[in-house]
Amino acid sequence: MEPEACKIARLPEELLSAALARTSPRDACRAAAVSPAFRDAADSDAVWACFLPHDLPPLADGELLAPAPQPPCKKDLFLRLSDSPLLLPDKLVSMWLDRETGAKCYMLSARDLSIIWGDTPQYWSWIPLTDSRFSECAQLLHVCWFDISGKIPCKMLTQDTIYTAYIVFKVNENSLGLDYPVQEASVSVGVTNLTHLVCLQSNDEDEREAGAVPGHYWPVRPHPPQRTRRRNRRAVPHGENVGRPQKRADGWMELELGEFFNEGGEDGEVSFSLMETKGGNWKSGLIVQGIEIRRKKSG
């Protein structure tokens, strides 16, 4: 009797492609290892065209590989778009595709955000960093009114997808006032506004050092006085429901601002904010790369 694998291999490639196009990029890659017939179908443009968003935003010049004699196949294009972030034409926003689902993900640069006092050199400065996706990052010198916000049109995101927003940052070793009082993070879509408490800097010494930036890279002027800095350096107990930062694989830190569901056909905007304006405490030593919006991982 003919083995089952051989019977499957005799199915028309168009039929195999139609079936695989209804799965996911991960499933298509796994199917390619089943047999040569499955590999031909799983690697076909008919399958990977279904995984690529039909409304991909335009990219900045030179972000994709140099033009080849023939356009890249759909699978290669998908893998390139999901391999690392690519800049949009204004170079203030980067995007990439989630490799598991093909959902569009973005990072809004610090320059694309609204930072209260951000254009006042006394309070914030703008610095280039070699490990940033963008040409400059925002460095907090000292403020007592801390307020960062951003927004993105819902239509730029993938419909019917749950997203999570994060602020991506580093902390100078001479930082001040980022651990207390805790900050308020919010995500708003339409009439829905979700708010929770977060803390940019952990009280744990090891976690603080993990996200620290050597002080001689970006010196912060000594203000307020040293005795106030020492007072704010003491460990302050936080509640269990206060969100804390996590170390990223790229060396930066990230702090979750919240999650939201981007429903199909939504024409509005998603807004994000991180603020602390009630305590009146001076803050310094924060370096902001931007706000990242990516698909929430399942499980």
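Residues numbered from 1 in each chain as written. Predicted model: local features only at pLDDT ≥ 70, side-chain atom pairs only at ≥ 80, totals over all residues. Heavy atoms only, no water.

*Asks:* For the environment of Ala32, give the residues involved together with the corresponding values.
*Replies:* Structurally, the position occupied by Ala32 is in the loop between helix H3 (25-31) and helix H4 (36-42). When the C-alpha atoms of Ala32 and Ala42 are compared, they prove to be 5.4 Å apart, with ten residues separating the residues in sequence. Residues in contact with Ala32, not counting those within four places in the same chain, are Phe38, Arg39, Ala42 and Asp43. (Helix = DSSP H or I, 4+ residues; strand = E, 2+ residues; numbered from the N terminus. Contact = heavy atoms within 4.5 Å.)

*Asks:* Lay out the confidence of the model for the chain in plain terms, naming residues and giving numbers.
*Replies:* In this model, the chain carries a mean pLDDT of 85, and residues with pLDDT of at least 70 account for 81%. In the model, residues 205-235 has pLDDT below 50 throughout and makes 62 contacts with residues more than four positions away in sequence or in other chains. (pLDDT = per-residue confidence, 0-100.)

*Asks:* I'd like a rundown of a nonpolar patch on the surface, residues and numbers included.
*Replies:* Taken together, Ile116, Trp117 and Trp145 make up a surface patch of nonpolar side chains, about 320 Å² in accessible area. Among the secondary structure elements, Ile116 is positioned in the loop between strand E4 (114-115) and strand E5 (124-127). (Patch = residues over 30% accessible without salt bridge, like charges linked within 9 Å, V, L, I, M, F, W, Y side chains within 5 Å. Areas by Shrake-Rupley, 256 points an atom, 1.4 Å probe, with all protein chains shown as cover. Salt bridge = Lys/Arg side-chain N within 4 Å of Asp/Glu carboxyl O.)

*Asks:* Before we move on, can you summarise the environment of Leu274 with the specific residues and values?
*Replies:* Within the secondary structure layout, Leu274 lies in strand E14 (residues 269-276). Residues contacting Leu274, with those up to four places away along its chain left out, are Phe146, Asp147, Ile148, Ile167, Gln183, Glu184, Ala185, Val198, Leu200 and Leu257.

*Asks:* Describe in detail the pattern of salt bridges, supporting the description with residues and values.
*Replies:* If you walk through the whole model with that rule in mind, you get 19 salt bridges. One salt bridge in this structure joins Lys75 and Asp43, with 2.9 Å as the shortest N-O distance. Residue Lys75 is located in helix H6 (residues 74-83), and its partner Asp43 is located in the loop between H4 and helix H5 (45-51); the two are separated by 32 residues in the primary sequence. Note that Glu292 and Arg133 form a salt bridge whose closest N and O atoms lie 3.0 Å from each other. Placement of the pair is Glu292 in strand E15 (residues 284-295) and Arg133 in the loop between E5 and strand E6 (137-140), with a sequence separation of 159 residues. Using a relative accessible area of 24% as the deciding quantity, one classes Arg133 as partly exposed. The network of salt bridges with shared partners includes Arg133, Arg248, Asp250, Glu254, Glu292 and Arg294. (Buried < 20%, exposed > 50% of the residue type's maximum accessible area, 1.4 Å probe, protein only.)

*Asks:* So what's going on with H6? Which residues, and what values?
*Replies:* For an α-helix, the turn length of 3.6 residues means that residues three or four places apart are oriented alike. Taken residue by residue, H6 has Lys75, Leu77, Phe78, Leu81 and Ser82 as its buried positions. Across the axial projection of H6, the buried residues extend over an arc of 160°, all falling on one side. On its buried face, H6 is in contact with H3, H5, strand E1 (86-87) and strand E2 (93-97). (Arc of directions from axis to C-beta.)

*Asks:* Go over the pairing of strand E13 (residues 253-262) with me, naming the residues and quoting the values.
*Replies:* Burial analysis of E13 places seven of its ten residues in the buried class, the great majority of the element. Both strand E8 (residues 161-176) and E13 contribute to a ladder of nine bridges, which runs antiparallel. Across the sheet, residue Ile162 finds its bridge partner in E13, namely Phe261. Two elements, strand E12 (residues 246-247) and E13, share two bridges in a ladder whose sense is antiparallel. Of the residues in E13, the one forming a bridge with Lys247 is Met253. (Pairing = 2+ DSSP bridges.)

*Asks:* How would you explain helix H2 (residues 13-20) if you had to name every residue and give the values?
*Replies:* Those residues of H2 lying buried are Leu16, Ser17 and Leu20. Viewed end-on, H2 has its buried residues packed into an arc of 100°, placing them on one side of the element.

*Asks:* Can you explain the pairing of strand E10 (residues 192-198)? Please cite residues and give values.
*Replies:* Note: strand E9 (residues 183-189) against E10, seven bridges, orientation antiparallel. Following the sheet pairing, Ser188 is matched in E10 by Asn193. Counting the residues that bridge the hairpin from E9 to E10 gives two residues, and of these Gly190 lies at a positive phi of roughly 60°.

*Asks:* Describe the side chain of Ser109, and please don't skip the residues or the numbers.
*Replies:* On the secondary structure map, Ser109 appears in strand E3 (residues 104-109). Accessibility expressed as a relative area gives 1% for Ser109, which makes it buried.

*Asks:* Can you break down the packing of aromatic side chains residue by residue, with the values?
*Replies:* Ring pairs (aromatic) are described by centroid distance and by the angle formed between their planes. Per the stated rule, a full pass over the model turns up five aromatic pairs. Geometrically, the ring pair formed by Trp48 and Phe78 is tilted, given 5.2 Å between the ring centres and 55° between the ring planes. Remark: Phe78 occurs in helix H6 and Trp48 occurs in helix H5; sequence separation between them is 30 residues. On the basis of relative accessibility, which here comes to 0%, the residue Trp48 falls in the buried class. Each ring, one from Tyr163 and one from Phe260, has its centre 5.6 Å from the other, and the planes form 15°; the classification is stacked. Here the residue Tyr163 occupies a position in strand E8, and Phe260 occupies one in strand E13, the gap between them amounting to 97 residues. (Phe/Tyr/Trp six-rings, centres within 6.5 Å; stacked < 30°, edge-to-face > 60°.)

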